Amino acid sequence: MALGILSSFRKPETGFRARYETLRSLLNRNGHVLQLLSDLEADLNHLPHSDQRIRRPVERLLSETLLMVQELNILAEGRYLSLYKVLEGIRTETLAALHQAPGYKNQPLAVSLDAAESKKPGLAGGKAAGLAALRRVFPDAVPPGFTLTTAAYRLFLDESGLSEKLRLLARNLDPFGDPARFHQTTEAIRSAILATEVPEAVSRAIYENARLLGDAGPSGWAVRSSATSEDGQFSFAGQFDTELRVPPEKLVDAYRAVCAGRFTDRAVIYRAACGFREADTPMAVLFMPMVEPRAAGVLYSMDTTGEDRGRMAVFAAAGLGDAVVRGEIRPDIFYLARGGAFEVLEGPEVPHVTKDTLSELGKLADGAARALGAEVEMEWAAGRDGRLWLLQCRPLRPGESEPGREGRAGGAPPLIEGGVTIFPGRAEGPVARRSGPDTRPVPKGAVLVVDSPAPELAAFLPNAAALVAEAGGLTGHLATLAREFSIPSVFHVGVTARRLEEGMLVSVDATKRKIHAGSRWPGIRERVLDRLSRPPGGAGKNPLFGLVLALNLVDPFVSSFRPKACRSIHDIIRFVHEMGVRYMFRFGDAHSRPFQKKTRRLETRLPMKIYVLDIAGAIRTDKKTVPPETVESTPFQALWKGFADPALAWPDRWNKEFAGMPRGFQEEVLGGLKGPRRGGDPNYLIVAPEYMNFNARFAYHYAMVDAFVGPGGQNNYVHFRFHNGGASDERRTLRARFLERVLRESRFGVDRQGDLITAWMRRYPQNDSKEALAVLGRLMVCARQLDLLMCNENDVAGFSAHFMSGNFRAFA
């Protein structure tokens, strides 16, 4: 059959029609598989890949991708037969991953800290696994307890129907987009969890295990988060909720509240910043009898300030230690010498703990560090009877001090000197001040300056070059997170931090606790930006991410854009779509003369050269030029309505910037030689009464619209692609975020990869599809050369608001 089709392509009278039908099928299938990918990405956020709701669409995706490969080879006359072998290899690995996926139904709903299963972070969570390991070393120093496992959490979601609710609510949840909408969605998710009945099997597991431990006493229970990745490579410090002093009859309510705490704004943003999907961190919940301490706090088995790595640091306050770990109070600070006696080197004159308690605490910390093979950060409590308890243990990340160099400015005095080193190192960048409800994005490479180091500020850390706080100290969740992200940080600098004004360029030496005006160390800022550009290390636990969703073929204009470089289904789809469009261009260029009778020049004053190929009687004239209003194509007329809207302005910024420069020079500098079209090449429009395909170059970016719009909605679709441009990668990505935001607001499904936007709308009624095309027409004009104006996320929000409100003059 394929050979017959290929031979028909070589006949001038049938080749065009056959190619058109094949290309149309490929483009329509591409929209369908991108919708499948989008749905899978949302579902894999919440469902394990063993779930049937994952398996079925993956198998369908493999079948549809195979058909796309076949269609590309028909268009390209067999040039990409090697894609079949690549796809078969990915298919084999994908199906193996699906069938090896473990389920949760045979796993225990609850485990004691003394059970062997507690050592498994995937079942008991990271916090419980760390305490279970510590309890094996110090059985008398770690309180007893039990954990409701991740199997119980998944049973809670599945039996109650929450899994489907959360999947729908969290679809297209963007932590870094519209703050109001993001907060509204997370609040709705938490409300749904809190309003849902916990399954009887889970409630029974809670009460039976609580009875086995006996009476928790008048202080009740501590119910704490223990997500699977918590206290591991990523600490999740302060991101989840804890319920204290819970009476026995409220244990189920407390469990539900801790589960809901997975979806606080700060927790969702932190997971996204670290590269985790929701399914990577299912919630186990730890239950322990409350300890009512005389004093409590935090211990670091190594001094993180860099002054003396051979000593320990202990932080203590009266009563519970929750205010210490949140960084809300300034605790007593003690330094202990390592060794048999663990001598107290420094401390307050009237301490909250005795020297004997500190010495015993030092021995416990030393033993824990030896047993676990790493320096540790521990939460501890000293009971009223003098007994010491260890309540949490995680790896400590002390950082490495850089060798000091004064660099430029010689002996110029610093703007600020003093404070407490949280993480050593040096950085340079413009100041970004944030406090209270200020949720504006922090530019990448900025020096973040805050009043108080609250854990909610974790959202800003991925872009921060350095962190400076008026208050705070070595303890506290934000201090832990700053060390985790390796951000040079100085806390407790006092009101002198107010000398740092928004946008001021400063150099921060966190090791020496000095902040200088201006740029001081050559090359430091470039090193910082390089560190910030590295991808997070959390993603990819689910094998389907790499085999199905990951996109490795990002740039279609590099030599490595070829079949053998495809490592995922998404790669193959991307390759097939790109090459299908290229063959469309090549065919139009090669056959413009043989098809002169069907090719017309579109008559327009707009600054574009457009040739129309009529394939089904949409143009009823023999004239070489046709006015747009005479083209009898429903989707084209809808697109043109937006495209030629008199309220629009057609900006021409690049020609103004390069006035008088040769055209070839412009093309080389602005990237115009990378794409499939040159500036003077024609743009092709294929039309039929209910169909259109428009491939166009707009200055230095490329756009494609493919649409079928008829009276019924079942077969209607609108597909859109937009990429490339003349500005920097960062500005083109900002423009892509603008396009993504507007398209989602306009009911399109969207896939964004860097500056490449692919969007689709399927099975909408005729009027809705026509309005979507009008939106695309306006959007293509407004986005034309917009990358030249985009500087930061505020521009994304601002231009999106202008477009949605009809203020198109803002794009002039």
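These numbers come from a predicted model, not from an experiment.

*Asks:* How should I be thinking about the overall build of the chain in this particular structure?
*Replies:* Secondary structure summary: the chain contains 24 helices and 28 strands in total. The buried share of the chain, taken over its 812 residues, is 57%. Here the analysis covers contacts within the chain between residues at least 6 apart in sequence; of these, 67% occur between residues at least 24 apart. Of the roughly 33,000 Å² that the chain leaves accessible, carbon and sulfur atoms contribute 51%.

*Asks:* What is the right way to read the nonpolar core from this model?
*Replies:* Soluble globular proteins tend to bury their nonpolar side chains together. Ranked by size, the top nonpolar core spans 54 residues in total, and within it Phe694, Phe738 and Leu743 carry the most contacts. If you tally residues by element for this core, the top one is helix α23 (residues 766-782), at eight residues. Setting aside residues up to four positions removed in sequence, Leu743 forms contacts with Phe720, Phe748, Val750, Ile757, Ala759, Leu776 and Leu779. With 45 residues, the next largest nonpolar core counts Leu27, Val58, Leu72 and Leu95 among its residues.

*Asks:* Hey, could you run me through the packing of helix α8 (residues 162-169) against helix α9 (residues 179-194) in this one?
*Replies:* The relative placement of two packed helices comes down to the angle between their axes together with the axis-to-axis distance. Two numbers describe how α8 lies on α9: the axes approach to 10 Å, and their chain directions differ by 175°. In terms of their interaxial angle, α8 and α9 are classed as roughly antiparallel. From α8, Leu162, Leu166 and Leu169 reach across to α9, where they touch Thr185, Ala188, Ile189, Ala192 and Ile193. A per-class count over the contact of α8 with α9 returns seven nonpolar, one polar and no charged.

*Asks:* Mind showing me how you'd approach the confidence of the model for the chain here?
*Replies:* Do not read the predicted coordinates in detail wherever pLDDT is low. Here the chain averages 79 in pLDDT, and 79% of its residues register 70 or above. Confidence drops under pLDDT 50 across residues 1-14; counting only partners more than four residues distant or on other chains, this segment forms 16 contacts. Scored below 50 in pLDDT, residues 400-409 shows 23 contacts in the model against residues more than four places distant or in partner chains.

*Asks:* Honestly, helix α19 (residues 634-643) in this entry has me stumped. Any pointers?
*Replies:* Residues lying three or four places apart along an α-helix face the same way, a consequence of the helix completing one turn every 3.6 residues. The element α19 is extensively covered by neighbouring structure, given that seven of its ten residues are classed as buried. Within the sequence span of α19, burial applies to Pro635, Phe636, Ala638, Leu639, Trp640, Gly642 and Phe643.

*Asks:* Hey, could you run me through the packing of aromatic side chains in this one?
*Replies:* Describing an aromatic ring pair means giving the distance of the ring centres and the angle of the ring planes. Under the criterion given, the structure shown has 15 aromatic pairs. The interplanar angle of 65° and the centroid separation of 5.4 Å between the aromatic rings of Phe803 and Phe808 together place this pair among those described as edge-to-face. What links up through ring pairs into an aromatic cluster is the set Phe738, Phe799, Phe803, Phe808 and Phe811. The positively charged end of Arg311 is found above the aromatic ring belonging to Tyr335, 3.8 Å away from the centroid.

*Asks:* In this structure, what is going on with the pattern of salt bridges? I would like to understand it.
*Replies:* Two side chains of opposite charge can pair, provided their charged atoms sit close to one another. The tally for this structure, following the rule as stated, stands at 26 salt bridges. With a closest N to O distance of 3.0 Å, Arg498 and Glu470 form a salt bridge. Highlighted residues: Arg498 in the loop between β17 (489-491) and β18 (505-509) and Glu470 in the loop between β16 (464-469) and α15 (477-484), separated in sequence by 28 residues. For Glu470, a relative accessible area of 13% corresponds to the buried category. Of the charged contacts, one joins Arg744 and Glu740 as a salt bridge, the two residues approaching to 3.3 Å between their closest N and O atoms. Taken together, the residues span about one helical turn, with Arg744 and Glu740 both in helix α22 (residues 729-745) at a distance of four residues.

*Asks:* I'm lost on unusual backbone geometry in this one. Help?
*Replies:* Working note: non-glycine residues mostly have negative phi, and peptide bonds are mostly trans. One non-glycine residue, Arg245, adopts positive backbone phi at about 55°. Assignment of secondary structure puts Arg245 in strand β4 (residues 242-246). The backbone of Arg763 shows a phi angle near 60°, a positive value even though the residue is not glycine. Topologically, Arg763 is positioned in the loop between β28 (756-762) and α23. Assessed through its relative accessible area of 47%, Arg763 is described here as partly exposed.

*Asks:* Is there a simple way to explain the sheet that holds β4 in this structure?
*Replies:* The strands that make up a sheet are held in pairs by hydrogen bonds between backbone atoms, and each pair lies either parallel or antiparallel. The five strands lie next to each other as β1-β2-β5-β3-β4, forming an open sheet whose pairing is antiparallel. Looking at strand neighbours, the two that pair on one side only are β1 (110-112) and β4, the edges of this open sheet. Here the strands of the sheet are splayed against their neighbours by 25° on average, with no regard to which way each runs. Note: strand β3 (residues 221-227) against β4, three bridges, orientation antiparallel. Bridge pairing in β4 links Val223 to Glu243. The sheet strands contacting helix α6 (residues 126-137) are β2 (146-148), β3 and β5 (283-289), and the helix crosses β3 at an angle near 110°.

*Asks:* Would you mind showing me how to read the sheet that holds strand β15 (residues 446-450) here?
*Replies:* Pairing is mixed in the open sheet, where eight strands are placed in the order β12-β19-β18-β14-β15-β16-β17-β13. Bordering the open sheet on either side are β12 (416-417) and β13 (420-423), each of which pairs with just one other strand. Pairing analysis gives four bridges linking β18 to strand β19 (residues 514-517), with the strands arranged antiparallel. Across the sheet, Val508 pairs through a bridge with Ile515, a residue of β19.

*Asks:* So what exactly am I meant to see when it comes to the side chain of Arg135 here?
*Replies:* Inspection of the secondary structure assignment puts Arg135 in helix α6. A distance of 3.3 Å separates a polar side-chain atom of Arg135 from the backbone oxygen of Pro139.

Cut-offs used in this document
- Residues numbered from 1 in each chain as written.
- Predicted model: local features only at pLDDT ≥ 70, side-chain atom pairs only at ≥ 80, totals over all residues.
- Heavy atoms only, no water.
- Helix = DSSP H or I, 4+ residues; strand = E, 2+ residues; numbered from the N terminus.
- Buried < 20%, exposed > 50% of the residue type's maximum accessible area, 1.4 Å probe, protein only.
- Contact = heavy atoms within 4.5 Å.
- Areas by Shrake-Rupley, 256 points an atom, 1.4 Å probe, with all protein chains shown as cover.
- Core = buried A, V, L, I, M, F, W, Y, C linked by side-chain atoms within 4.5 Å.
- Axes fitted to C-alpha atoms, helices over the stretch in contact; angles between N-to-C directions.
- Parallel < 35°, antiparallel > 145°, perpendicular 65-115°, else oblique.
- Nonpolar A, V, L, I, M, F, W, Y, C, P; charged D, E, K, R; others polar.
- pLDDT = per-residue confidence, 0-100.
- Phe/Tyr/Trp six-rings, centres within 6.5 Å; stacked < 30°, edge-to-face > 60°.
- Lys NZ or Arg CZ within 6 Å of the ring centre and 35° of its normal.
- Salt bridge = Lys/Arg side-chain N within 4 Å of Asp/Glu carboxyl O.
- Pairing = 2+ DSSP bridges.
- Polar contact = N/O pair within 3.5 Å; in protein donor to acceptor, adjacent residues only side chain to side chain.

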